[in-house]
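These are the residues of each chain, in order.
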Amino acid sequence: MSSSSTPVEEISKIREALVKGFASGKTKNVQYRKEQLIHLGYLLHENRDRFVETLATDLGRPTLEADFLEINGTISEVQEAYKNVEKWSKPESPPFTLNWFFMRPKIRREPKGVVLIIGPFNFPLWCLLGPLAGAIAAGNTVALKPSEMSSATADLIAELIPKYLDPEVVSVVKGGIPQTSKLIEYPWGHICYTGSQRVAKIIGTAAAQSLTPVTFELGGKSPVIVDKSADLKLAARRILWGKCANAGQICVAPDYLLVLREVEEPFIKELRAVYNSYFGANPAKSDSLSRIISPQHAARIKKLVDETKGNIITGGEVDVDQRYVAPTIVRDVANDDSLMSEEIFGPVLPIIPVDSVDEAIKFINSRDHPLVLYIFAQDRKVKEKVFASTNSGGAVANDVVLHPAAAGLPFGGVGASGSGYTTGKWGFNTFTHFRATLDVPGWLDKIALSHRFPPYTDKKLADLKKVVSYKLPPRPGTHAVTASKRRWGLWTLLALLAAVGALLKKRLGSS
Ligand SMILES: NC(=O)c1ccc[n+]([C@@H]2O[C@H](COP(=O)([O-])OP(=O)(O)OC[C@H]3O[C@@H](n4cnc5c(N)ncnc54)[C@H](O)[C@@H]3O)[C@@H](O)[C@H]2O)c1
Ligand SMILES: CC1=C(/C=C/C(C)=C/C=C/C(C)=C/C=C/C=C(C)/C=C/C=C(C)/C=C/C=C(\C)C=O)C(C)(C)CCC1
């Protein structure tokens, strides 16, 4: 199914074409960016069925998961960028301040240049073409490196991109370690990397050599707390769906559960009931279960399951050759269990009982900041306490997996789960340089600004202190500190007189 990789020696030519494309200036034109975004939208829309097919080949994805989660989510990203690109790219004036007002301060949104987007296997469209929408909207030219693991989807992306998009603006490099290693030798305007923490360190180390800024969209172990106030039926329904969608290969999948001991038994009863209604007696025959990306990945999950000291209450079967892992629920899991040693990235759900929400919070805070933290509770105070006492990329009460697609919210990790954001306006900002500009009129030297020039005198310093002043808020129990008393009336009058004078001079000079 998979066609050949891009020869490593072609990569410099591909990059040069993108450099030329950016230098042509065409991507500075917002209408041009919008055209490219429309083409990207139609690339997805007109090839929906083919993408459903490639996702089935790569990941055994059921059509509903391919359509609802991945293709829709990606088209939404494109649509959001298309609708807002004019607004997002407008120069912005900072809030008014008297001293700087006459210098016409502006923030220009400039593209970063030629950027590189490296994608993972698990959501090969959303994680690659979603950031692409932001990068195009921001006016960059883009090299795309899809994951070689999801090769059928990578092939289709490589086939369609040159048909729909300007080859000087977007190019695809296919392949694995040799191609990525070559790509990261070059300086880029930005690298957006989605994948594992292990490879992120390789990308980050290489990027540091050329001082290329990097966004890391990573993973980790995202916990779920099930409080005693939770609606247990709803929690079971949503958690099991989130754990088994794409066979657990979702960066924001619930990784493990911390369940309040007093609701553990009734919650497990609900989980069992949902399990049967979702997958029947033999999940291997279910049409609603994806497959693991490769036999090697299935073998890794099998090892974690084989080595667990917890009690497997459903599932447990793994067929490595068929890339099949049965949805598996494991209870009485300890902190040092195999299932707690790394991100599971498969449909295996460990349950750790806890005595209190405080214990759950302590457990979570003793580990890396997760990509997302979930809390199932009806009690508003419990939800607030969990949000307020932890840190994570995102935090969601009473649902799982959906928040990366929520319009207007940033999506990204914190600490070991990543840095930077890739969705909507936040994705646009990732690929944008915020360029500070001033346009300083000469007449300002007639008043305060000439005091900065040598020879320096005490009088000049005293005058400068009058215009450049500050007032700190008082320390608790004390009075405010003021560096100097500002003569607002005098300063404003002087500025206005100088402005009127300059204007008159200009008028008289040109008449
Ligand atoms: N935060 C997010 O948005 C997000 C989304 C999806 C997946 N993820 C995370 O990604 C991981 C799964 O993805 P994966 O297995 O495809 O990740 P991966 O790190 O193995 O691969 C990602 C990319 O890196 C490249 N790569 C692999 N090894 C390399 C090397 N030695 N040198 C240079 N490049 C190399 C691959 O070709 C691929 O394009 C999980 O940890 C998951 O949580 C995060
Ligand atoms: C029906 C009416 C109404 C209600 C409408 C509602 C409530 C609509 C809700 C829609 C939702 C929640 C859509 C969610 C979509 C989620 C998506 C596309 C999720 C995508 C997830 C992704 C891409 C995850 C990626 C993670 C990765 C890649 C990590 O590896 C009313 C009430 C409005 C009235 C009219 C009728």
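Note that the coordinates shown come from a computational prediction; the quantities given were computed from them, not determined experimentally.

The rules behind the values
- Residues numbered from 1 in each chain as written.
- Chains lettered and ligands numbered in written order.
- Predicted model: local features only at pLDDT ≥ 70, side-chain atom pairs only at ≥ 80, totals over all residues.
- Heavy atoms only, no water.
- UniProt positions renumbered as here; feature names shortened; annotations may be inferred.
- Helix = DSSP H or I, 4+ residues; strand = E, 2+ residues; numbered from the N terminus.
- Contact = heavy atoms within 4.5 Å.
- Buried < 20%, exposed > 50% of the residue type's maximum accessible area, 1.4 Å probe, protein only.
- Near = heavy atom within 4 Å.
- Polar contact = N/O pair within 3.5 Å; in protein donor to acceptor, adjacent residues only side chain to side chain.
- Areas by Shrake-Rupley, 256 points an atom, 1.4 Å probe, with all protein chains shown as cover.
- Nonpolar A, V, L, I, M, F, W, Y, C, P; charged D, E, K, R; others polar.
- Domains from an automatic or database assignment.
- Lys, Arg positive; Asp, Glu negative; His and termini not counted.
- Salt bridge = Lys/Arg side-chain N within 4 Å of Asp/Glu carboxyl O.
- Pairing = 2+ DSSP bridges.
- Axes fitted to C-alpha atoms, helices over the stretch in contact; angles between N-to-C directions.
- Parallel < 35°, antiparallel > 145°, perpendicular 65-115°, else oblique.

Residues annotated by UniProt as "domain: Aldehyde dehydrogenase" (unreviewed entry) correspond here to residues 9-435. Helix makes up 44% of residues 9-435 and strand 17%, whereas the separation of the span's terminal C-alpha atoms amounts to 35 Å.

Here the focus is the side chain of Thr27. Structurally, Thr27 can be placed in the loop between helix H1 (11-23) and helix H2 (30-46). Excluding anything up to four places from it in sequence, Thr27 contacts Phe22, Tyr32, Arg33, Gly139, Asn140, Thr141 and Val169.

What follows is about the UniProt feature "active site" (unreviewed entry) in the chain. Residues annotated in UniProt with the feature "active site" (unreviewed entry) correspond here to Glu217. The exposure class of Glu217 is buried, given its relative accessible area of 4%. With near-sequence residues (within four places) excluded, Glu217 lies in contact with Tyr193, Thr194, Gly195, Phe411, Gly412, Gly413, Ser417, Gly420, Tyr421 and Thr422.

What follows deals with the site of ligand 2. Residues in contact with ligand 2 amount to 13 residues; listed here are only the nearest, Phe68, Asn122, Phe123, Cys251 and Ala405. Measuring from an oxygen atom of ligand 2, one finds a side-chain N or O atom of Asn122 at 2.8 Å. Between Cys251 and ligand 2, the recorded distance is 2.6 Å, taken from a backbone N or O atom to an oxygen atom. For ligand 2, the protein covers 48% of the area, taking 900 Å² as the surface of the free molecule. Among the secondary structure elements, those contributing two or more residues to the shell around ligand 2 are helix H4 (63-89) and helix H6 (126-137). Classifying every residue of the shell around ligand 2 by side-chain character gives twelve nonpolar, one polar and no charged. Domain assignment of the residues forming the shell around ligand 2 places at least three in each of domain 1 (14-95 + 103-218 + 426-435) and domain 2 (223-407).

Surrounding ligand 1, one finds 25 residues, the nearest of these being Glu148, Tyr193, Ser196, Leu218 and Glu343. In this structure, an oxygen atom belonging to ligand 1 sits 2.6 Å away from a side-chain N or O atom of Glu148. The contact in question runs from an oxygen atom of ligand 1 to an N or O atom on the side chain of Glu343, over 2.6 Å. Burial of ligand 1 by the surrounding chains reaches 92%, relative to a free accessible area of 850 Å². Among the secondary structure elements, those contributing two or more residues to the shell around ligand 1 are helix H8 (177-183), strand E5 (190-194) and helix H9 (197-209). When the residues that make up the shell around ligand 1 are grouped by side-chain class, the tally is 13 nonpolar, eight polar and four charged.

As a further point, take the side chain of Arg291. Among the structural elements, Arg291 can be located in the loop between helix H11 (261-279) and helix H12 (295-307). Of the side chains with opposite charge, Asp287 lies nearest to the buried Arg291, which makes no salt bridge, at 7.9 Å. Looking at Arg291, its side chain comes within polar contact range of the main-chain oxygen of Leu289, at 3.2 Å. With residues near it in sequence (within four places) discarded, Arg291 still touches Leu59, Gly60, Ala247, Gln249, Ala284, Gln322, Arg323 and Tyr324.

In spatial order, the strands read E4-E3-E2-E5-E6-E16; together these six strands make up an open sheet with mixed pairing. The open sheet has two free edges, formed respectively by strand E4 (170-172) and strand E16 (418-419), since each of these has just one partner strand. Note that strand E2 (residues 114-118) and strand E3 (residues 141-145) share five bridges and pair parallel. Within E3, the residue paired with Val115 across the bridge is Val142. Of the strands in this sheet, E2, E3 and E4 are in contact with H1, which crosses E3 at around 155°. Along the sheet, H9 contacts E2, E5 and strand E6 (214-217); its crossing angle with E5, the most-contacted strand, is approximately 170°.

Turning our eyes to something else, we now look at the packing of helix H3 (residues 48-59) against helix H7 (residues 151-164). Running from N to C, H3 and H7 cross one another at 150°; their axes reach a closest spacing of 7 Å. Comparing their axes, H7 and H3 come out roughly antiparallel. Seen from H3, the contacting residues are Arg50, Phe51, Thr54, Leu55, Thr57 and Asp58; seen from H7, they are Ser151, Ala152, Thr153, Leu156, Ile157, Glu159 and Leu160. Taken together, the residues of the contact of H3 with H7 break down into six nonpolar, four polar and three charged.

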